[in-house]
Amino acid sequence: MSSSPIAGAPQQVRDLLAAAARALLDAAGEPRAGERYARAHLAALRTAAALLAARARPAGRRGGPSLRSAWSLLVEVAPELSEWAAYFAAGAGKRVAAEAGLAGAVSEREADDLVRDVEAFLALVAGTLGLPVPVVGHQLVLAG
């Protein structure tokens, strides 16, 4: 059994990574900490979706539908990214609070740290898939 992406997935994977890169650039330019955090977290989800699109296989139905988070699926298809999955899963509640506009849900530092962490995650996933880090417009996502 081959571990290569399913037919048609490479462009889909590139599109998902590019969407994650655009979302991350939007997050980095957001002046409000809560909104910056929420957008960066969603960029991480899009990045995970790219890896899932490349590696995941549909499961046979056993006993009805089951809802699972992208982070738990990521652990299954890319166990080497388990720590990243746990980190982003732990931040989901803060993202929800920030999206709800709760004052003080996220500090400036937490938002900035998450943007940097998502940059690293995006680069890692792109490398894992053998793809270059996405370029948005004329900017590389990693400005470091």
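Bear in mind the structure is a predicted one, so any value in this text is a computation, not a measurement.

Section: the overall build of the protein chain
Then, number 1: Of the regular secondary structure elements, the protein chain holds 6 helices and 2 strands.
Then, number 2: Going from N to C terminus, the protein chain has its helices and strands arranged as α-α-α-α-α-α-β-β.
Then, number 3: Classification of the 144 residues of the protein chain by burial places 35% in the buried group.
Then, number 4: In the protein chain, the proportion of contacts linking residues at least 24 apart, taken out of those at least 6 apart, comes to 71%.
Then, number 5: Surface accessibility of the protein chain: about 8100 Å² in total, with carbon and sulfur atoms responsible for 57%.

As for the nonpolar core
Then, number 1: Of all hydrophobic cores here, the largest spans 35 residues; its most connected members are Leu17, Trp71, Leu74, Val118 and Phe121.
Then, number 2: Elements with a contribution of two residues or more to this core: helix H1 (9-28), helix H2 (33-55), helix H3 (70-77), helix H4 (82-90) and helix H6 (108-128).
Then, number 3: At 11 residues, H2 tops the list of elements feeding residues into this core.

Let's talk about the pattern of salt bridges
Charged atoms that come close allow side chains of opposite charge to pair.
Then, number 1: Across all of its chains, the model carries 11 salt bridges by this definition.
Then, number 2: For Glu30, the salt bridge goes to Arg39, with nearest N and O atoms at 3.6 Å.
Then, number 3: For Glu30, a relative accessible area of 8% corresponds to the buried category.

Concerning the packing of H2 against H6
Then, number 1: For the pair H2 and H6, interaxial distance at closest approach is 8 Å and the crossing angle is 15 degrees. On the basis of the axis angle, H2 is roughly parallel to H6. In the crossing of H2 with H6, the sense of the turn from one axis to the other is left-handed. Counted together, Ala33, Arg36, Tyr37, Ala40, His41, Ala43, Ala44, Thr47, Ala48, Leu51 and Arg55 of H2 and Glu108, Glu110, Ala111, Asp112, Leu114, Val115, Val118, Phe121, Leu122, Val125 and Thr128 of H6 form the full contact between these two elements.
Then, number 2: Classifying every residue of the contact of H2 with H6 by side-chain character gives 14 nonpolar, 3 polar and 5 charged.

So, the packing of H3 against H4
Then, number 1: One way to put it is that H3 packs onto H4 with a least axis distance of 9 Å and a crossing angle of 175 degrees. If you check the angle between H3 and H4, you find them roughly antiparallel. Facing Trp71, Leu74 and Val75 of H3, the residues of H4 in contact are Ser82, Ala85, Phe88 and Ala89.
Then, number 2: Looking at the contact of H3 with H4 residue by residue, the classes come out as 6 nonpolar, 1 polar and no charged.

Procedures and definitions
Residues numbered from 1 in each chain as written. Predicted model: local features only at pLDDT ≥ 70, side-chain atom pairs only at ≥ 80, totals over all residues. Heavy atoms only, no water. Helix = DSSP H or I, 4+ residues; strand = E, 2+ residues; numbered from the N terminus. Buried < 20%, exposed > 50% of the residue type's maximum accessible area, 1.4 Å probe, protein only. Contact = heavy atoms within 4.5 Å. Areas by Shrake-Rupley, 256 points an atom, 1.4 Å probe, with all protein chains shown as cover. Core = buried A, V, L, I, M, F, W, Y, C linked by side-chain atoms within 4.5 Å. Salt bridge = Lys/Arg side-chain N within 4 Å of Asp/Glu carboxyl O. Axes fitted to C-alpha atoms, helices over the stretch in contact; angles between N-to-C directions. Parallel < 35°, antiparallel > 145°, perpendicular 65-115°, else oblique. Left-handed = near helix turned anticlockwise from the far one by under 90°. Nonpolar A, V, L, I, M, F, W, Y, C, P; charged D, E, K, R; others polar.

What is shown is where atoms sit, not what they do.
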